[in-house]
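# Architecture and fold: a report
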Amino acid sequence: PTLPAEHPLVDGRTASSALVTTYRGQRGDVTPVWFMRQAGRSLPEYRELRVGTQMLDACLDPELSSEITLQPVRRHGVDAGIFFSDIVIPLKLAGVDVDIVPGRGPVLGKPVRTAADVAALPALDPSALAPVAAGVARTVAQLGTTPLIGFAGAPFTLAAYLVEGGPSKDHLMARTLMHADPDAWAGLLDWAATVTGQFLRAQVLAGASAAQLFDSWVGSLSLADYTAHVQRHSAKALSAVADLGVPTVHFGVGSGEVLSAMRDIGADVMGVDWRIPLAEASRRLGGGVPLQGNVDPALLAAPWPVLERHVLDVLESGKAAPAHVLNLGHGVPPETDPDVLTRIVELVHSR
Ligand code: CP3
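All figures in this text were calculated on a predicted structure; none of them were measured in a lab. (Residues numbered from 1 in each chain as written. Predicted model: local features only at pLDDT ≥ 70, side-chain atom pairs only at ≥ 80, totals over all residues.)

### A word on the overall build of the protein chain
- Across its full length, the protein chain holds 16 helices and 9 strands.
- Taken along the three principal axes of its C-alpha coordinates, the protein chain extends 55 × 40 × 40 Å.
- Here the protein chain holds 351 residues, and 52% of them are scored as buried.
- Within the protein chain, residue pairs in contact and separated by at least 24 positions form 74% of the contacts whose partners lie at least 6 positions apart. (Helix = DSSP H or I, 4+ residues; strand = E, 2+ residues; numbered from the N terminus. Buried ≥ 20, exposed ≤ 12 C-beta atoms within 10 Å, placed from the backbone. Contact = placed C-beta atoms within 7 Å.)

### Quick word on helix 12 (residues 231–239)
- The complete set of buried residues in helix 12 reads Gln231, His233, Ser234, Ala237 and Leu238. All buried residues of helix 12 lie within an arc of 165 degrees about the axis, which places them on one face of the element. (Arc of directions from axis to C-beta.)

### Some points on the pairing of strand 2 (residues 98–101)
- Inspection of the sheet shows strand 2 paired to strand 3 (residues 105–108) by 4 bridges, in the antiparallel sense. The partner of Asp99 across the bridge, within strand 3, is Val107.
- Hairpin connection from strand 2 to strand 3: 3 residues lie between these consecutive antiparallel strands, with Gly103 at a positive phi of about 80 degrees. (Pairing = 2+ DSSP bridges.)

### A look at the site of the ligand
- Taken together, 24 residues lie around the ligand, and Ala39, Gly40, Gly105, Phe214 and Ser216 are the ones closest in.
- For the shell around the ligand, the secondary structure elements donating two or more residues are strand 3 and strand 4 (148–153).
- Of the residues belonging to the shell around the ligand, the class tally is 11 nonpolar, 8 polar and 5 charged. (Near = placed C-beta within 6 Å. Nonpolar A, V, L, I, M, F, W, Y, C, P; charged D, E, K, R; others polar.)

### Some points on the UniProt feature "site: Transition state stabilizer" (unreviewed entry) in the protein chain
- As recorded in UniProt, the sites labelled "site: Transition state stabilizer" (unreviewed entry) are Asp86.
- With respect to the secondary-structure elements, Asp86 resides in the loop between strand 1 (81–82) and helix 5 (89–94).
- Classification of Asp86 as partly exposed rests on a count of 18 C-beta atoms within 10 Å.
- Setting aside anything within four residues of it in sequence, one finds Asp86 in contact with Met55, Leu56, Cys59 and Ile100. (UniProt positions renumbered as here; feature names shortened; annotations may be inferred.)

### What to know about the sheet that holds strand 7 (residues 269–271)
- Spatial strand order, 1-4-5-6-7-8-9: 7 strands in an open sheet with parallel pairing. Strands with a single pairing partner mark the edges of an open sheet, and in this sheet they are strand 1 and strand 9 (324–328).
- Relative to strand 6 (residues 248–252), strand 5 (residues 210–215) is paired through 5 bridges, and the arrangement is parallel. Within the sheet, the bridge partner assigned to Phe214 lies in strand 6 and is Phe251.
- Contacts from helix 10 (residues 182–206) reach strand 4 and strand 5 within the one sheet, and its direction differs from that of strand 4 by about 175 degrees.
- Sitting on the sheet, helix 12 is in contact with strand 4, strand 5 and strand 6, with an inclination near 155 degrees to strand 5. (Axes fitted to C-alpha atoms, helices over the stretch in contact; angles between N-to-C directions.)

### Re the UniProt feature "binding site: substrate" (unreviewed entry) in the protein chain
- Within this numbering scheme, the UniProt entry marks Arg37, Gln38, Ala39, Gly40, Arg41, Asp86, Tyr161, Ser216 and His330 as carrying the feature "binding site: substrate" (unreviewed entry). A maximum C-alpha distance of 22.7 Å among these annotated residues, which run over 294 residues, shows that they spread across the structure rather than meeting at one spot.
- Looking at where Ala39 falls in the secondary structure, it is placed in the loop between helix 1 (18–23) and helix 2 (44–50).
- Owing to 23 C-beta atoms within 10 Å, Ala39 belongs among the buried residues under this scheme.
- Leaving out residues up to four positions away in the same chain, Ala39 has contacts with Tyr46, Ile68, Thr69, Gln71, Pro72, Ile82 and Phe84.

### Examining helix 16 (residues 338–350)
- Spanning 13 residues, helix 16 covers 19 Å between terminal C-alpha atoms, matching the ideal 18 Å at 1.5 Å per step.
- All of the buried residues in helix 16 are Leu341, Ile344, Val345 and Val348. Across the axial projection of helix 16, the buried residues extend over an arc of 100 degrees, all falling on one side. Along helix 16, exposed side chains directed more than 90 degrees from the buried face belong to Asp339, Glu346 and Ser350.
- Tucked into the core, helix 16 has its buried residues touching helix 4 (62–76), helix 15 (304–318) and strand 9. (Expected span 1.5 Å × (residues − 1).)

### Side note on the environment of Tyr46
- Looking at the element boundaries, Tyr46 is found in helix 2.
- Sequence spacing of Tyr46 and Gln71 is 25 residues, and the spatial spacing of their C-alpha atoms is 7.5 Å.
- Those residues in contact with Tyr46 that sit more than four places away from it in its chain are Ala39, Gly40, Arg41, Ile68 and Gln71.

### What about the packing of helix 8 (residues 155–164) against helix 9 (residues 172–180)?
- Remark: helix 8 packs on helix 9, axes separated minimally by 8 Å, with the N-to-C direction vectors making an angle of 100 degrees. As summarised for this structure, helix 8 and helix 9 are arranged roughly perpendicular, according to the angle between their axes. In this structure, helix 8 contributes Ala159, Ala160, Val163 and Glu164 to the contact, and helix 9 contributes Met173, Ala174 and Leu177.
- The class makeup of the residues in the contact of helix 8 with helix 9 is 6 nonpolar, no polar and 1 charged. (Parallel < 35°, antiparallel > 145°, perpendicular 65-115°, else oblique.)

### Quick notes on unusual backbone geometry
- Here Gly293 and Asn294 are connected by a cis peptide whose omega angle stands at -20 degrees.
- Structurally, the position occupied by Asn294 is in strand 8 (residues 291–295).
- One non-glycine residue, Arg37, lies in the positive phi region at around 60 degrees.
- Non-glycine residue His171 carries a positive phi angle of around 55 degrees.
- Assignment of secondary structure puts His171 in the loop between helix 8 and helix 9.

Quick look at the structure:
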C-alpha cells in the first residue's frame, strides 16, 4: 500500500518543504518552526469560533476543525499545520464515554480498571473516522505547500486517562494496574495501540505529510517499566503508518530517562521537552537523530530579550543534531500572547 497519487507528499506540494526535508534529516537554509498546541485558546479567533460548540464536537466538524487548524498557520507563518483534534477522539469514535471538560482535560464516564473492563472495550469501526478524514482533506486542500502534521496519543498516555478516569499527576492507578494485572494491562495497551493507530493512519491517508505520536505522560515511567510494559505497544501504534512512508515524530514530556527507548519504536524524529538541552538529547540518542524542540513554554511570558536569548540558545544547541525543527518543549499555554509566537517564527526564519 502506498499513498494516493493526489496526496500532497506525492503530488509535489510538500515533499520539498522545509519541514519534511528536515524531518528526513537534511539541514536546510532555514530552521522550520511550528508549535505544539498552536491551534487553540491562545488565539482570539479560536475562542470566537468555539463559542457554543463542545471541544469534541468541534473536532468532528470538518469545517470547524479545518478552519481552526488553518488559523495559526495564517497568523504566525509557521512551517506546518497540526490537525485540530484530540488524542481521545479515537476512543470517543469507538464508543467510549469520554468528554473534555474545559480547564481540566479528558474525563471518562466509567474508568477502565479491571480485566473485564478491558475485554469490554469496543472496536473502532473505520467508517467512524470519516469526519476526521474529511477535516484533513479540507485542510490540506487549503494549505497548499505547507505540510499538515497528523497526530495521535501513544497507548500509555491514553491508558493513563482510561484507567485514572481523568487527568492525574503521577498516574498511580495506571502504574498499579501495569504490575497488578500485566495481562489486563497488555490488553488495554494493545486496544489503545489499535484504535490510535487507526486514527493516525486515517489522517495520513487523507493528506497529512507527517505523523507525530504524543506520549505526553511517559515521564512518570521508569525505563524498566517502559521497556517491559509500554514500548512494544507504542511501536504497534506507530507501525500503523510505517508502510506509507511519511516522516514520523515521537514526543514525550519528562522523557530524558526513556528517550533512547522511545526512539527505538522506530520514529524518524524525536521531540524533546525543555528539561534537557538538545545537544544532550542528541548525545543520548547517539548523534544520528533529527530533533524537534525545545523552547521552555514558561519563557513565552518572559520579557522578549530573555526569550530571544533562549530561542537562540535552543537553535545553537540544535546544531548538535543532524537536523532540527524548532518547537516548544510542550504545548502553548492558553495565556500566551500570540504576537510572541509570531515573533519567534520571524526570529527563527531570519537566522
Ligand atoms: O494545535 C494543536 O496542537 C492541535 C490540537 C491538539 C489538541 N489536543 C487540541 C486541544 C493536540 C495535538 C492535542 C493533543 C493532546 N490532547 C495531548 C497530547 C499533547 C500534549 O499537550 O501533551 C493530550 C495530553 C491531550 C489531552 C487533553 N485535551 C488535555 C490535557 C486538554 C486540555 C484541557 C484544558 O482545558 O486545559 C485537552 C483539551 C484540548 N485539546 C484543548 C485543545 C485546543 C482545549 C479545549 C478548549 O478549547 O477548551
